[in-house]
Amino acid sequence: MKAMNIGQAAKASGVSAKMIRHYEEMGLFAHPQRTEAGYRLYSEDTVHTLKFIRRARDLGFSLEKIHDLVGLWLDRERSSRDVRAMANAHIAVLNTKIDALLTMKATLEKLVDCCHGDDRPDCPILESLASEK
């Protein structure tokens, strides 16, 4: 198994060196070995874990939930029921965010439709932003 420095691990995993250090501090993976000069050395297993973390982040999971997911992933005795429950809970959070974004979009579209977009100074978009509602 080939050990990698942080730059190589970042390139192999698609996670920036800064985030690798942050994830290490958070305990999302075991502290890597270090050279005599103090440089971190990452294993292929750690890079695999970093890829797992990146994919979970891409799906919008919080770092707290990713910590839980990594723990479940590493626990070969775990029940898939727990993972499914976490995924379903996350879907509910995403649906709430989607609803909020759709509401914002509809409101902004209505304001844009009301704005003449010409040389006149009156603008319903700015008026709505300035209102105290």
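Preceding this section is the structure that the text describes.
Residues numbered from 1 in each chain as written. Predicted model: local features only at pLDDT ≥ 70, side-chain atom pairs only at ≥ 80, totals over all residues. Heavy atoms only, no water.

(A) Inspection of the packing of aromatic side chains at higher detail. With the rule as written, the count across this model stands at two aromatic pairs. Between F29 and Y42 the ring centres are 6.3 Å apart and the planes differ by 65°, which places this aromatic pair in the edge-to-face class. Of this pair, F29 sits in the loop between α2 (17–26) and β1 (33–34) while Y42 sits in the loop between β2 (40–41) and α3 (44–58); the two residues are 13 residues apart in sequence, bridging distant segments of the chain. The buried category is assigned to F29, whose relative accessible area is 9%. The exposure class assigned to Y42 is buried, which follows from its relative accessible area of 0%. Pairing F52 with W73 gives two aromatic rings, centres 4.3 Å apart and planes at 10°, and the pair type is stacked. You can see F52 sitting in helix α3 and its partner W73 sitting in helix α4 (residues 63–74), a full 21 residues away along the chain. Of the residues examined, F52 reaches a relative accessible area of 17% and is grouped as buried. Overall, W73 belongs to the partly exposed group, its relative accessible area being 23%. (Phe/Tyr/Trp six-rings, centres within 6.5 Å; stacked < 30°, edge-to-face > 60°. Helix = DSSP H or I, 4+ residues; strand = E, 2+ residues; numbered from the N terminus. Buried < 20%, exposed > 50% of the residue type's maximum accessible area, 1.4 Å probe, protein only.)

(B) Expanded view of the pattern of salt bridges. By the definition in use, this model includes three salt bridges. In this structure, E24 engages R40 in a salt bridge whose closest nitrogen and oxygen atoms are separated by 2.7 Å. Taken together, the positions of E24 in helix α2 and R40 in strand β2 put the pair 16 residues apart, joining distant regions of the chain. The partner of K105 in a salt bridge is E109, with the nearest N and O atoms 3.0 Å apart. With a gap of four residues between them, K105 and E109 both fall in helix α5 (residues 80–114), about one helical turn apart. (Salt bridge = Lys/Arg side-chain N within 4 Å of Asp/Glu carboxyl O.)

(C) Broad picture of α3. Helix length check: α3, at 15 residues, gives a terminal C-alpha distance of 21 Å against a target of 21 Å (1.5 Å per residue), a fit within 8%. Of the surrounding elements, those touching the buried residues of α3 are α1 (6–13), α2 and α4. Positive backbone phi, at 90°, marks G60, one or two positions downstream of α3. (Expected span 1.5 Å × (residues − 1). Contact = heavy atoms within 4.5 Å.)

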